[in-house]
Structures are given as structure tokens and as C-alpha cells.
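Next come the chains, spelled out residue by residue.
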Amino acid sequence: MEDPIQLKDEGNTYFQANDYENAIQSYTNALKLSKDKKLLGILYRNRAACYLKKENYAQAASDASRAIDIDASDIKALYRRCQALEKVGKLDQAFKDVQRCATIEPKNQTFLETLRRLGSEIQEKLKVQFSTDSRVKQMFEILLGEETDKEKREKAANNLIVLAREDAGAERIFQNNGINLLMELIKTKNPEMILAAIRTFSGMCTGHKARATAILHLIGIEKICSIMAIDHEEIALATCNLFQTICDSLSGEDKKEHGNEEALVLDTTKDLKAILLALLEMLSSQKVSSHGRDQALNLLSKNVPRTDVRSPDNSKTLFTIDHGLKKILKVAGQLVDLPDHLPMTENTQLIASILLNKLYDDLRCDPERDNFRVTCEEYVTGKFDPNNMEKNLHAIQTVSGLLQGPFDVGNKIAGLTGVMEMMVALCGSDREIDQLVAVEALIHASTKMSKATFIITNGVSLLKDIYKKTKNEKIKIRALVGLCKLGSAGGDDYALRQFAEGSTEKLAKQCRKWLCNPNIDVRTRKWAVEGLAYLTMDADVKDDFVEDEPALQAMFELTKSTDKTILYAVASTLVNCTNSYDKKEIMPELVQLAKFSKQHVPEQHPKDKKDFIEKRVKRLLKAGVISALTCMVKADSAILTDPTKELLARVFLALSEDPKDRGIIVAQGGGKALIPLALEGTELGKTRASHALAKIAATSNPEIAFPGERIYEVIRPLVSLLSTDKDGLQNFDSLLALTNLSGMTEKLRLKILKEKALPEIENYMFEDHEQIRQAATECMCNLVLCKDVQENYMADGNDKLKLLVLLCAEDDVKLQIAAAGALAMLTAAQKKVCTKLTTVTTQWLEILQRLCLHDRPEIQHRGFVIVYNMITADKDLAKTLIESEMLEILSVIGKQPDNPKRQPMIDAARSCLVATMDYGLIKPFS
């Protein structure tokens, strides 16, 4: 059996060697074996010291307390508990402990200094608390006072919101009856007061699980839902943010560090489930406003499906399908043209379709998908009623919603017996609404041609018939869009033209005419853009479209309307016009083989060549496409789906190809708009947006392109392009952009290092590709200003410095300038590098002499600066250099007459000679 005293000594040895983990283990083992009270006190005290070093302050305070329980006058244990309590924010308790220490040892300067410091800190804290309390009280008096003027109220409301965003302020509001007072603000029914109260609640809940739980229970989920249901867009959005903040805090998604130990909160699953059920209930309630319904759908879209598909738990999705799928289908099947419909915005049904799609994609196995499909089928078929046309309309509208969401489910339901027959019957109806619903369903069904088999056999003739016979413009446009979709199956393949020569242009002309007609409602003009999204796959159409400035302006104006369902169609049209879609490379050998075997060979339209694309890009920029794109990026998050973001990123990249156009993009806010596209969306979309950012950051002033704190957000997307799975052009543009940024401030350089870009940049300095290697070296030339990078070059066991020296001997002039510049800055900053430089390669002196004899003055100047740094760093180094041919080189250059073009280099050579004279290694020539 081990001896506890021996274990204590072993722990002391570990502690002195800074091995705190093993020290804790030894003290713990000794505590298990010891029964001597005095030894137990020492062991607890010692273990407390280990926990202090490991910054585990709660455990340190606990162990110190046990030692004090054994011996109340244990001064070391008292002081250690004081240190631990101070770290967790319990200043008053820490003060009491150090006060006892100072009483026992009144002349100990450490105790006296700590006593003074804690005393002043407590006074300051009390002062802040009292001033915060009075400020909170004053603000509520202003807000709830009847005679307060509007300006004072607005200022008090803003101050309250700002105060709630700070942890101390939020706690003071909470402690000073803040919740009841904020509820009084909501009861005023004044929109400004309601907004102030909701935003203050959001600040109080942010990152604090205990406070969020308390606020949720004190207000009540039903009450929060009723506020979100108010017919006021800003209030609905603010309440949605409050719900999101509460959900993030309860689930631990938004965890902040708090000085004080946060109160223990039991399992929050019940609360999160209750919120989910309340949101689902809101969907089908007639009392909920259109904006409230949109925000409920947005919250479900964001919080129900898994954010990481690798997580096995999709229970929230299954729970939502069981309790709310039919409610979501009800929203998707609403008809705003009929009485008694649920209040909805132009975007509600699309958001519902997006939610349905996300739920279906989140299912993990076939039985789960079958359950989803069966529920949808039962809902749709249960609506069919030969005696009630409105029920039939709701059924077909629901099919439309599913075709825009989980297409596979929608397509299967559309193929069920009776569904197609119902569409045909509705198409033949005399009522406008019947025809509109049926035609829209046919259009959505024809989206994915490879899957929509039933529409190919039944839909084309039906749509043609409607287009020819109807005199109603709304129906005519929709029938035309259906035909456009069916006619664009060949994509941009010139050989697979679906319509007769000139027919596509005529259809597009008609779409443009409808688009420019202000007398037609927005909902109908949207369908004209849908048609153009398909017709612009034809190069003749896209060329005509970009020449038609009124049509472009009309389309851009539609993106700024409240109806955001148009975004995908506009983005698709712009992708077609800029040819920014993916094109498969056609190998000449395979073309010959295909021709020999009489197979179809895709052909490029003559107007899809580079010069035509460039002209179209210039026309789009002139028409103001950037302001339209930035407006689209700011759209509602649920409407702006990942595929739409990818399309926008493609367009931005195509528009930023020419460096001359990047100034226009920056001036119209394109740089800022690209950042969210580079951070969220599909991998391909993020890469395209990051590449566009790299192009802009490489040639523009980053402080103008990305003002304020946004400049730091750009770095992560740029670093993502350095990955080896990205192509060479993306690597190159990213390196150029990072070079530009790293040359600005130390804070930016540190941010680049924090994003772990340094190893990637170093790898590209070995690259065979000359331009990539040069760009990486130029970037490193700026980064060596950073102390952390300098330490990398000083460290033993790597060839980083050797690579830099060898790059100075390359034939590429730009590469030499960058490498020599980096070496000049390194040798100036760190004397150790000057000595290390002579050991990395036997060719160092020859390379240095070649730099000093170079025919380019900028390279020669860098060479002399390196020589000067080495001479001033060490006398022995100076002697080695002077004993070589370097003295002759320095003498020849130093004796040259003054010349403005070569002066920096001449001055550097003279400085080297003066430094060697100061050492007494050479004497002045007289």
C-alpha cells in the first residue's frame, strides 16, 4: 500500500515541474489513503493550487474551502480561495478571504495590495450597479409616462435595448422587475413600444439559458405567439428573432461566457417541444397575420431540420411531420383569390414549399419517406369532391406546392389516378381561378423533364390549346411559360432547338412585352420572368434581352417588390445571360467518335462565344444589375434558398471577371453582398462567391470594398480557396487578395494567421506553377511583418528560411523581388535570422552577391539592405562578408555619384561601408 506522505512529495515534484495533471492525481490518491487531519488540509490546499494553475476555479475554491474547514487559519488556503473566487466574479467573498489573510499577516504586501485592488473593484462594481439600476428605472418612467415627448421615448427605448445586450445591464433589468414593466409596454399597443420591449427581451435572452427559460415561462409561449401574430411586419420579425434567441439559448447554440456561474437549468427539451407545437398551431390559425405566419414558417425551417446531416438525430423532423405536416400542406394549398383563405403574403406558399422540401430531405430512410408521401397523398385525395369545386382547387394547389418542394412526392401524387383528369377538367372550366390553378400546376409539374413523365404525354397539347384559345392575359402568360419550360429541354445545345427557327425569339419578345407592361399585376408579370428563365438558354434570346434596357429595368424592379418568389427565376435568367452555368468540356476525339457512330454531338451557339458574353456582361452592369443582386441577397432567409444563393454567386463571379468592372461592383455594394453568399449555401456556391470576393479584394482598396468590420469577414472565404481541392486560378486569386489584405494592418495579418492560412501559403511557395509560387511569396513578404511568422523562420528543424534564400536565386524577377523583400524584413526584425541564413545553404554568399549585382535597382537595393542587416547584427558576420568579394561590390556602388533613380541602392551600399568602418574592419580611403 502506498504512503500518503510519499504521494504528497511526489505531487509536489510534479507541481514544480509544471505537470499539474499528474500532481492532481498524486494528491487525490494521497487523500484517499490519509486519515491525518493536518495532512488532509495540506493535500486539499496543494490540489487547490493545481486547479488554479489549470484555471479550474470552481474546483480550486472547493478544495481551498475543505482545507479551511480543517484549519480556519490556513493562510495559503485562504489566499488561494480568494484568487479562485475573484476569477469567478465573487468579489465580495474574495475580499473577506484576503481580509482574513491581512489580519493574520498585516505586513504582507501581496495581501495588502490585493485588499486595496479588490476594494476598489467592489466599489466600482457597486457604482456601476447603482447607476445601472437608476438608469433602468429612469428609462421605464420615461417609456410608461403619459406626458413624455416622442423623441425622449425613442431615445429611452434605444438605450434600454443597448443596455439589455450587455450581460450586466440585462441582469439589472431582470432583477428590477423588468419583465413586468416590459409587458406593460406591450399592453400600450403602441408599435414602437412593443418593438422596444421585444428587442429588449431578445437582448436579455441572448446566450443566457437561465434568463431565457425564466423569461419564456414568465411571459408564456402563447403570449409570444400572439405578439408575433399581430399584423405588423416589423413586430412579427422582432418576435421571430426573440423566439430564435430563446431557442438558441435553450439548445446551447448561442453560448456566451459569463463571469458568474450560471444558474443550473434542468432539461430544456419540453420547452423547445412546446415552442415547436405552438408554431405549428399558428400555421393553420385564422387569427394569425400574414407576416406572423411567414415568420412561424421561417422559424420551423431554421430550427427543425438537422444543420449537420452527419448527425443521426432527426427526431424534431419526425415530430413535426407527425404533428404538423397537414397544417403545412394546408398553407401550401391556400388560394388567395377565394374568400375565407388564411392571411398570407406573396411569399407564404413558397416558404411552406421550402419547409416541406427541407423536412423531406431530412428523412433518413425509405419507411420515413413513405410515411411522408402517404400522409401527403391522403391529404390531397381526401380533398377531392365532385360536388365541391373549391375543395378540388385546394387539392390541386397543394400538389403545386409539393411540386415546388419535394418534387418526387409532388410528381408521384400528380401521377395518381384522377389528379391529371382533375387538371384537365379545371383547364376546360369557364372560371378564371380554375384555369389559373390548373395551368400553374402543369407548369410546376414540367420543371424536371426527366421525372415528369405524365406531363410529356398529356401537358403539351393541353397548354398549346389553352394558349391559342384563351383571351385572358393572366392565363395566356402562364400557358406560355409552361410551353417555354417544355421547349427548353435541350438547354443551350444549339443542335437541339425545340421550336421552329425564330419561334423562341417571338415567345421571348412576348414575355418581354408582358414584363414591361405596368398595367399587369406583379404576380402575373413574375410569370413572364419565369418564361425568360427558360427561353434565355437560347443565345439569340439572351442577346436580344440584354439589349432591351426597359425589359432589364422592369425585371430588376420586380426583385425589389415584396413578392420574393421571383428570385430564383431572375437569378436563373442572369446565369443564362452571363453563361455562368457549368459547361462540360467536349474532347475533340470524342466528338469524332460520336460523329462516326452517328450519335448526337452538342453544338455551341455562335453567340455563346467569349466576345458576345463579355458584351452582355457590360450591358448588364450598365443597366444596374449589381443593385438588383444586392437587393436579392438581403431577401428573407427562407426564400433565399441555397440553390438561389449559388446562382447569385455564379452571376457575381461572371461580372467580376474583367478587372475594369470591379470598381462598379464595389461602388454599388457588390463587395458587401458577396460576403453572406461566401459564408452560407452550397459548397459550389460558397466557392464561386469566395472567388468573386478574391478577384475584388485583389484589385480594389479593401477598406472601400468591405468597409468597417466586414473586412475581417472576407478572410475566411479567401483562405477556403487555398485548399488543394480548389483549382489553380482560385488559389492564385486568393493569394493575390490575401497579399493585398496582409499589407494593410497587423490586425488583418493576425486574422489571416488565426484562420490557419500560413501552412497553405507556405505550401504554394513550393508550387511548380510560376505565378502561384510568385503570389504565395509576395503574400509571405507581407506576413513576415508579423512576429509569429518571424518566430517560424527562426525555429530550428524546418527549411522555410532555406526556401526563401533559394527563391532569391530564381530567374523570375517578381519572385526575386518578393523573396528578397521578405528576407530584408526578416533580417531587419530578427538578428538570429542573420546568423541562421549563413547555415541553411552553402550558396548563401553567392546568392547575396548576385542580388547586389542585379541589373534591376529594386532587387539590388533589397540585396544591400540584407547585407546591412547582417553587418549590423554581428561583427563576425560583417568580417565574413568583408573578406569576400562583397567589399568590392559595396565599394564600386558606394563610390557612384548621386543619382535620383538609383539613390536608395547607393545609400544602402554606403551605409554598409560606414557600419564596417565603425567595427574597424576597413579604413576610410583618404
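Everything quoted here is computed from the prediction, not taken from an experiment.

Here is what the cut-offs are and how they apply
Residues numbered from 1 in each chain as written. Predicted model: local features only at pLDDT ≥ 70, side-chain atom pairs only at ≥ 80, totals over all residues. Heavy atoms only, no water. Helix = DSSP H or I, 4+ residues; strand = E, 2+ residues; numbered from the N terminus. Buried < 20%, exposed > 50% of the residue type's maximum accessible area, 1.4 Å probe, protein only. Contact = heavy atoms within 4.5 Å. Areas by Shrake-Rupley, 256 points an atom, 1.4 Å probe, with all protein chains shown as cover. Lys, Arg positive; Asp, Glu negative; His and termini not counted. Charge placed at Lys NZ, Arg CZ, Asp CG, Glu CD. Axes fitted to C-alpha atoms, helices over the stretch in contact; angles between N-to-C directions. Parallel < 35°, antiparallel > 145°, perpendicular 65-115°, else oblique. Left-handed = near helix turned anticlockwise from the far one by under 90°. Nonpolar A, V, L, I, M, F, W, Y, C, P; charged D, E, K, R; others polar. Expected span 1.5 Å × (residues − 1). Arc of directions from axis to C-beta. Phe/Tyr/Trp six-rings, centres within 6.5 Å; stacked < 30°, edge-to-face > 60°. Lys NZ or Arg CZ within 6 Å of the ring centre and 35° of its normal. Core = buried A, V, L, I, M, F, W, Y, C linked by side-chain atoms within 4.5 Å. Salt bridge = Lys/Arg side-chain N within 4 Å of Asp/Glu carboxyl O. Disulfide = S-S within 2.5 Å. pLDDT = per-residue confidence, 0-100.

1. Observations regarding the overall build of the protein chain
When its secondary structure is counted, the protein chain shows 53 helices and zero strands. Once the C-alpha set of the protein chain is aligned to its principal axes, its extents read approximately 105 × 80 × 70 Å. Counting only residues that meet the buried cut, the protein chain has 52% of its 926 residues in that class. At a minimum sequence separation of 6, the contacts of the protein chain that also span at least 24 residues come to 68%. Carbon and sulfur atoms form 50% of the exposed surface of the protein chain, whose accessible area is close to 44500 Å². Side-chain charges of the protein chain comprise 125 positive and 130 negative groups, with the mean position of each set lying 2 Å from the other.

2. A closer look at the environment of methionine 870
With respect to the helices and strands, methionine 870 occurs in helix H50 (residues 857–873). According to the relative accessible area criterion, methionine 870 is buried, its value standing at 0%. Once residues within four sequence positions are removed from consideration, methionine 870 is found in contact with Cys834, Leu837, Thr838, Trp844, Leu848, Leu877 and Leu881.

3. A look at unusual backbone geometry
A negative phi holds for most residues other than glycine; trans holds for most peptide bonds. If you check the backbone angles, aspartate 340 has positive phi at about 65° while not being a glycine. Residue placement: aspartate 340 occurs in the loop between helix H17 (315–332) and helix H18 (348–361). Owing to a relative accessible area of 74%, aspartate 340 belongs among the exposed residues under this scheme. Unusually for a residue other than glycine, asparagine 579 sits at a positive phi of about 55°. In this fold, asparagine 579 is placed in the loop between helix H30 (567–578) and helix H31 (588–596). Since its relative accessible area comes to 16%, asparagine 579 is described here as buried.

4. Overview of the packing of helix H16 (residues 290–303) against H18
Across the interface, H16 lies against H18 with an axial gap of 10 Å and an inter-helix angle of 15°. By the criterion of interaxial angle, the relationship of H16 to H18 is roughly parallel. Relative to H18, the crossing made by H16 is left-handed. Here Ser290, Arg293, Asp294, Leu297, Asn298, Leu300 and Ser301 of H16 come into contact with H18, specifically with Thr348, Ile351, Ala352, Leu355 and Lys358. Looking at the contact of H16 with H18 residue by residue, the classes come out as five nonpolar, four polar and three charged.

5. Regarding helix H1 (residues 4–16)
Compared with an ideal rise of 1.5 Å per residue, which puts 13 residues at 18 Å, H1 spans 18 Å between its outermost C-alpha atoms and is within 8% of the ideal. Along H1, the residues that are buried comprise Pro4, Leu7, Lys8 and Gly11. Angularly, the buried residues of H1 cover 105° about the axis, an arc narrow enough to put them on a single face. Every exposed residue of H1 that faces more than 90 degrees away from the buried side is listed here: Gln6 and Gln16.

6. Details of H50
Under the 1.5 Å per step criterion, the end-to-end length of H50 is 24 Å for 17 residues, consistent within 8% with the ideal 24 Å. Every buried residue of H50 is accounted for by Ile859, Gln860, Gly863, Phe864, Ile866, Val867, Asn869, Met870 and Ile871.

7. Topic: the packing of aromatic side chains
The geometry of an aromatic ring pair is captured by two quantities: the separation of the ring centres and the angle between the planes. Enumeration over the complete set of coordinates arrives at three aromatic pairs. Taking 5.2 Å as the distance between ring centres and 55° as the angle between the ring planes, the aromatic pair formed by tyrosine 360 and phenylalanine 372 counts as tilted. Remark: phenylalanine 372 occurs in helix H19 (residues 366–381) and tyrosine 360 occurs in helix H18; sequence separation between them is 12 residues. Exposure class is identical for tyrosine 360 and phenylalanine 372. Each is buried. Lying across the ring of phenylalanine 612, lysine 615 places its NZ or CZ 5.6 Å from the centre.

8. Brief notes about the nonpolar core
Phe201, Phe372, Leu515 and Leu629 are the most contacted members of the largest nonpolar core, which totals 263 residues. In contact with leucine 515, not counting residues within four places along its chain, are Arg525, Ala528, Val529, Leu532, Phe545, Ala551, Ala554, Met555 and Leu558. Core analysis: the next-biggest nonpolar cluster, separate from the first, contains 34 residues, Ala23, Tyr27, Ile68 and Cys82 among them.

9. Let's talk about the pattern of salt bridges
Within this structure, the stated rule accounts for 39 salt bridges. Residue lysine 618 pairs with aspartate 661 through a salt bridge whose shortest N-O separation is 2.9 Å. One end of the pair, lysine 618, is in helix H32 (residues 610–623); the other, aspartate 661, is in the loop between helix H34 (642–655) and helix H35 (662–667), with 43 residues separating them in the sequence. A relative accessible area of 36% means that lysine 618 is categorised as partly exposed. One salt bridge in this structure joins lysine 645 and aspartate 642, with 3.9 Å as the shortest N-O distance. You can see lysine 645 and its partner aspartate 642 sitting in helix H34, three residues apart, about one turn around the helix. For lysine 645, a relative accessible area of 13% translates into the label buried. Residue aspartate 642 is classed as partly exposed on the basis of its relative accessible area of 36%. Among the ionic contacts, a cluster of salt bridges with common partners joins Glu86, Arg117 and Glu121.

10. Quick notes on the side chain of asparagine 298
As for its position among the elements, asparagine 298 is in helix H16. What makes asparagine 298 buried here is its relative accessible area of 8%. The contact partners of asparagine 298, leaving out residues within four places of it in the chain, are Ile351, Asp636 and Ala638.

11. Considerations on the environment of aspartate 149
Tracing the backbone through its elements, the reader meets aspartate 149 in the loop between helix H7 (109–144) and helix H8 (150–164). Along the sequence, aspartate 149 and serine 690 sit 541 residues apart, while their C-alpha atoms lie 49 Å from each other.

12. Some words on the side chain of threonine 841
If you trace the backbone, threonine 841 turns up in the loop between helix H48 (831–840) and helix H49 (844–852). The exposure class assigned to threonine 841 is buried, which follows from its relative accessible area of 10%. Once residues within four sequence positions are removed from consideration, threonine 841 is found in contact with Val805 and Leu806.

13. Structural notes on the environment of leucine 851
As for its position among the elements, leucine 851 is in helix H49. Taking relative accessible area as the criterion, leucine 851 reaches 1% and is therefore assigned buried. Note: C-alpha distance between leucine 851 and lysine 802 (49 residues apart in sequence) is 16 Å.

14. Description of the packing of helix H44 (residues 770–783) against helix H47 (residues 813–829)
Between two packed helices, the angle of one axis relative to the other and the distance separating the axes together describe the packing. The N-to-C vectors of H44 and H47 enclose an angle of 25°; their axes lie 8 Å apart at closest approach. Relative to H47, the element H44 is oriented roughly parallel. Between H44 and H47 lies a crossing of left-handed hand. Contacts from Arg773, Gln774, Thr777, Glu778 and Cys781 of H44 reach H47 at Lys814, Leu815, Ala818, Ala819, Gly821, Ala822 and Met825.

15. Side note on the state of the cysteines
By definition, a disulfide links the sulfur atoms of two cysteine residues through a covalent bond. Considering all chains together, one arrives at zero disulfides under this definition. Free cysteine: cysteine 834, not disulfide-bonded; nearest cysteine sulfur from cysteine 912 at 12 Å. With a relative accessible area of 0%, cysteine 834 lands in the buried category. The cysteine cysteine 852 is free of any disulfide, with cysteine 912 supplying the nearest cysteine sulfur at 7.4 Å.

16. Focus on the confidence of the model for the protein chain
On average, residues of the protein chain carry a pLDDT of 85, and 91% of them reach 70 or more. For the stretch residues 257–265, pLDDT sits under 50, and the model shows 18 contacts to residues farther than four places along the chain or on other chains. In the model, residues 490–501 has pLDDT below 50 throughout and makes 31 contacts with residues more than four positions away in sequence or in other chains.

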